[in-house]
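# Structural overview
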Amino acid sequence: MVLGAFREWVNRLSAKAVVQRLDKRRDQHEIDIHRLFLLTCHWHDVSQGKSIDEDYADKLSEEASNIGFEKQKSAVNTMLSGQVMDIAAKLHSILENDTVPEARDPVQFMPRIDLTHDPNKKGKGLAMATGADLTATGIRDAPFVPKMSMAEVAKNLKEILKFSLQVGPSSVKDESSGNGLWIDGFAKLGSVVTLYPGVIFEPLWYRQMTDYPRVDANNPYLLARFDGAVLDAKPWGPGRVSLDAPLVVNPQRLHEEHLNSLEGRNPLALAHYVNHPGKEHEPNIMVASVDLSFDQQRWLRPYIPNIVFRADKTVPHEEGSVLPGLVLVALRDLQDEEIFLNYRLSPHVKRPDWYTPVDKEEEWRRWA
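These notes cover the structure that comes with them. Source: prediction; values computed, not measured.

So, about the nonpolar core. One finds Leu80, Ile183, Val193, Leu292, Val327 and Ile339 to be the most contacted residues of the largest nonpolar core, which totals 63 residues. Secondary-structure elements contributing two or more residues to this core are helix H2 (24–47), helix H3 (56–95), helix H6 (150–161), strand S2 (163–169), strand S3 (179–187), strand S4 (192–195), strand S8 (285–292) and strand S11 (323–330). With 13 residues, H3 is the single largest residue contributor to this core. Excluding anything up to four places from it in sequence, Val193 contacts Phe163, Leu165, Ile183, Ala187, Leu268, Leu328, Ala330, Leu334 and Ile339.

Here you go:
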């Protein structure tokens, strides 16, 4: 009873707190952060065994009002990044002896990739896969061949997290719905359920995206953050489902090859398979930006399924830099069901026939 009332309160109060302001797009960002603050605080307090009584929601609301937007945003990032790094650490515990060499040795961290390399230059091992000269990093010449399948990794991770994810036929009653993403097990309200994988394009590099400026013409796997960074999950696909082939089998561009230096068997890197809810469903997760730093845990970097595009010499993680990602967070307790995300497609362009708006006001604020 208390949990149900808390969910209703989150939806009502988050919008009410900031809806009167002039900057509509910022309004929606603040609404989202406010909602995420309530969700992640609830997750944290429940995880710590704190009692959730009838006054909990009011106390949390008062705390949010007292600290303001920027501190809410910082607190949300701290809690979400903590969950993501914990997932990475759990994957490391499962795959420590069966993963890419970079994840075993924090000194030999990640290969340096030259995106202006000579395509006729041949390397060996991982260098052949990426078109880069990796000899300076000390990474071994022989290509890594794993033994544990992605399905086995998912099974082991489920024993720890109490849930896993599966891609399967959607329950949305629409001919174009195809597959959707299902949760197998239980995840509590405020949990990070899935990570959005792929290549991160910051605004400076939009022109390098395939089919620019119509980047979405042949790619339904793009998702944008409020700060303008766009994540392209298309080259990631379903992950490394075959041990006999790399994550990206036929890379079209060098940054797609670069994904092969990450651990492709992450069973939670499937957020790009989540469907928009049909008329008979409601969203049960929401998207959240998360900024990750690996300075103290560099060996966990390969378990995060993203690289940042750069059209020059670069490394996937530079000392002191932040990796901008996206995760999907549970709006309520989830149990053995399909998960749905409100796509919030822009009302300024023609939208697909199957698309049904969840909240028109949210869409107008998001794309104001």
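What follows deals with unusual backbone geometry. Omega for the peptide link from Tyr212 to Pro213 comes to 5°, which places this bond in the cis form. Looking at where Pro213 falls in the secondary structure, it is placed in the loop between strand S5 (198–201) and strand S6 (222–224). Positive phi, normally seen in glycine, also occurs at Arg344, with a value near 50°. Inspection of the secondary structure puts Arg344 in the loop between strand S12 (334–338) and helix H8 (360–366).

An ideal rise of 1.5 Å per residue puts 16 Å on twelve residues; H6 measures up with 16 Å between its terminal C-alpha atoms. Listing the buried residues of H6 in full gives Met150, Val153, Ala154, Leu157 and Leu161. Seen end-on, H6 carries its buried residues on one side only, within an arc spanning 100°. Exposed and oriented more than 90 degrees from the buried face of H6 are Ala151, Lys155 and Glu159. Buried residues belonging to H6 abut H3, S2 and S3. Once H6 finishes, Lys162 follows within two positions and takes phi at roughly 80°, a positive value.

To continue, consider the packing of aromatic side chains. In the structure shown here, the tally under the stated rule is five aromatic pairs. Aromatic side chains Trp205 and Phe309 sit 5.8 Å apart centroid to centroid with 70° between the ring planes, which places their arrangement in the edge-to-face category. Highlighted residues: Trp205 in the loop between S5 and S6 and Phe309 in the loop between strand S9 (306–308) and strand S10 (313–314), separated in sequence by 104 residues. The exposure class of Trp205 is buried, given its relative accessible area of 17%. A residue is classified by how much of its surface remains accessible, and Phe309, at 4% relative accessible area, is buried. Arranged with centres 6.1 Å apart and planes meeting at 70°, the rings of Trp354 and Tyr355 form a pair that is edge-to-face. Under the relative-accessibility criterion, Trp354 is labelled partly exposed at 35%. Judged by its relative accessible area of 8%, Tyr355 is buried. Taken together, the ring pairs connect Phe201, Trp205 and Phe309 into an aromatic cluster. A cation sits over an aromatic face here: Arg366 above Trp367, 4.4 Å from the ring centre.

What the three strands build is an open sheet, ordered S4-S11-S8; its pairing is antiparallel. Both outer strands of the open sheet, S4 and S8, are each paired with one neighbouring strand and no more. For this sheet the average axis-to-axis angle between neighbouring strands, irrespective of direction, equals 35°. Each of S8 and S11 touches H2; the most contacted strand, S8, lies at about 90° to it.

The rules behind these values
Residues numbered from 1 in each chain as written. Predicted model: local features only at pLDDT ≥ 70, side-chain atom pairs only at ≥ 80, totals over all residues. Heavy atoms only, no water. Core = buried A, V, L, I, M, F, W, Y, C linked by side-chain atoms within 4.5 Å. Buried < 20%, exposed > 50% of the residue type's maximum accessible area, 1.4 Å probe, protein only. Helix = DSSP H or I, 4+ residues; strand = E, 2+ residues; numbered from the N terminus. Contact = heavy atoms within 4.5 Å. Expected span 1.5 Å × (residues − 1). Arc of directions from axis to C-beta. Phe/Tyr/Trp six-rings, centres within 6.5 Å; stacked < 30°, edge-to-face > 60°. Lys NZ or Arg CZ within 6 Å of the ring centre and 35° of its normal. Pairing = 2+ DSSP bridges. Axes fitted to C-alpha atoms, helices over the stretch in contact; angles between N-to-C directions.

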